[in-house]
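Chain and residue survey
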Amino acid sequence: MAAASINFLVLLIALALSPLSLAFSHGAHPFLYPQFYDYSCPKAHQIVRSIVTKAVAKEARMAASLLRLHFHDCFVKGCDASVLLDSSAGVVSEKGSVPNRNSIRGFEVIDEIKSALEKECPRTVSCADILTLAARDSTVLVGGPFWEVPLGRRDSLGASIQGSNRNIPAPNNTHQTIVTKFKLQGLDLVDLVALSGSHTIGFSRCTSFRQRLYNQTGNGLPDFSLDAGYAAHLRAGCPRSGGDQNLFPTDFASPARFDNYYFKNLLARKGLLSSDEILVTGSPETRRLVELYAADAGAFFVQFAKSMVKMGNITPLTGNKGEIRYNCRKINHQ
């Protein structure tokens, strides 16, 4: 009888701690767990999913835009919604940085989600958590994997345009520079390759890859690693000058579907960005991972979900740090 009672007590303790065990998985933060809003805002997940679903149905590209917003947030000051802040007294917005200017989008969707959540449960759900949930829901809507999102982040009290310019990997960065930028965020080579797979959806501007088409190394020749036929196709819409904002899919084979064709394209020398193709040419380790994910979509999906949880838990604000913004575009006391 005593043994049975002890076993039952152990079971109760295990169940009580299960949110924390989830939070520790995949390199997550110990104060974040998926059930964070179960009592304070039980409809939070439903509200986010509903609005994201509507936005992606209206414009398929929005899925990639919301995923990218989360990425650009987490690489600067951690996942704290600093990317959403507009410029104001004491705040220089990250929206004006080189990686973000005329590029990141989806802010109106986040605004709509925040407005709905404030009506349902005021001053409860952070903008940082909205970004994280919207990224996951966007991925699922276009055919990608589902994962449990650890929640409980709070919002920053400032932004860092310097950090945005410095920390976000650029399309023309060298392989080692990109590896270093990921490493500084606690992300390894496996995370780098898996998260780069998000380029299976979305578009990139001509200005982000023009150098590959005309003057990759300063000798007036295109990038040797780029398929000649694909390069000719790109040059037709991306001239030597002008057309900076012309858009091209980062995965020409299935641009609106989250799948592993991105990796197959890389092996066929048809990666759009230099930062994509160097996953094949930059090191044997990253090439092996590209080959693995090109051959096995399931392996890619599993690792992408793990790496998204890991990235989503880069130095979050928790407890009494930061705040829960009422408006994602400005800090509360302004």
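Please read all numbers here as calculations on a predicted model, not as lab measurements.

**Details of the state of the cysteines**
- Applying the stated criterion across every chain, the model contains four disulfides.
- A sulfur-sulfur distance of 2.0 Å marks the disulfide that ties Cys74 to Cys79. Every disulfide takes its handedness from the sign of the S-S torsion; for Cys74 and Cys79 that torsion is 120°, giving right-handed. Of the two residues, Cys74 and Cys79, neither departs from the other in class, the shared state being buried.
- Here Cys127 engages in a disulfide with Cys328; their sulfurs sit 2.1 Å apart. With the S-S bond torsion at -95°, the cross-link from Cys127 to Cys328 turns out left-handed.

**A closer look at the confidence of the model for the protein chain**
- Summary statistics for the protein chain give a mean pLDDT of 91 and a share of 91% for residues scoring 70 or more.
- The low-confidence segment residues 1-26 (pLDDT under 50) makes 15 contacts with residues lying over four places distant or belonging to another chain.

**Observations regarding the packing of helix H8 (residues 175-183) against helix H9 (residues 189-196)**
- As a packed pair, H8 and H9 sit with axes 9 Å apart at the nearest point and diverge in direction by 105°. Taken together, the axes of H8 and H9 are roughly perpendicular relative to one another. In contact with Ile178, Val179 and Phe182 of H8, H9 contributes Leu189, Asp191, Leu192 and Leu195.
- In the contact of H8 with H9, the residues fall into six nonpolar, no polar and one charged.

**Some remarks on the UniProt feature "site: Transition state stabilizer" (unreviewed entry) in the protein chain**
- UniProt annotation of "site: Transition state stabilizer" (unreviewed entry) refers to Arg68 when read in the numbering used here.
- Relative to the helices and strands, Arg68 resides in helix H4 (residues 62-74).
- Once you skip the residues sitting within four places of it in the chain, Arg68 turns out to touch Pro99, Ser103 and Ile104.

**A word on the UniProt feature "domain: Plant heme peroxidase family profile" (unreviewed entry) in the protein chain**
- If you check UniProt for "domain: Plant heme peroxidase family profile" (unreviewed entry), the listed places come out as residues 31-332 in our numbering.
- The distance separating the terminal C-alpha atoms of residues 31-332 is 23 Å; by composition the span is 45% helix and 2% strand.

The rules behind these values
- Residues numbered from 1 in each chain as written.
- Predicted model: local features only at pLDDT ≥ 70, side-chain atom pairs only at ≥ 80, totals over all residues.
- Heavy atoms only, no water.
- Disulfide = S-S within 2.5 Å.
- Buried < 20%, exposed > 50% of the residue type's maximum accessible area, 1.4 Å probe, protein only.
- pLDDT = per-residue confidence, 0-100.
- Contact = heavy atoms within 4.5 Å.
- Axes fitted to C-alpha atoms, helices over the stretch in contact; angles between N-to-C directions.
- Helix = DSSP H or I, 4+ residues; strand = E, 2+ residues; numbered from the N terminus.
- Parallel < 35°, antiparallel > 145°, perpendicular 65-115°, else oblique.
- Nonpolar A, V, L, I, M, F, W, Y, C, P; charged D, E, K, R; others polar.
- UniProt positions renumbered as here; feature names shortened; annotations may be inferred.

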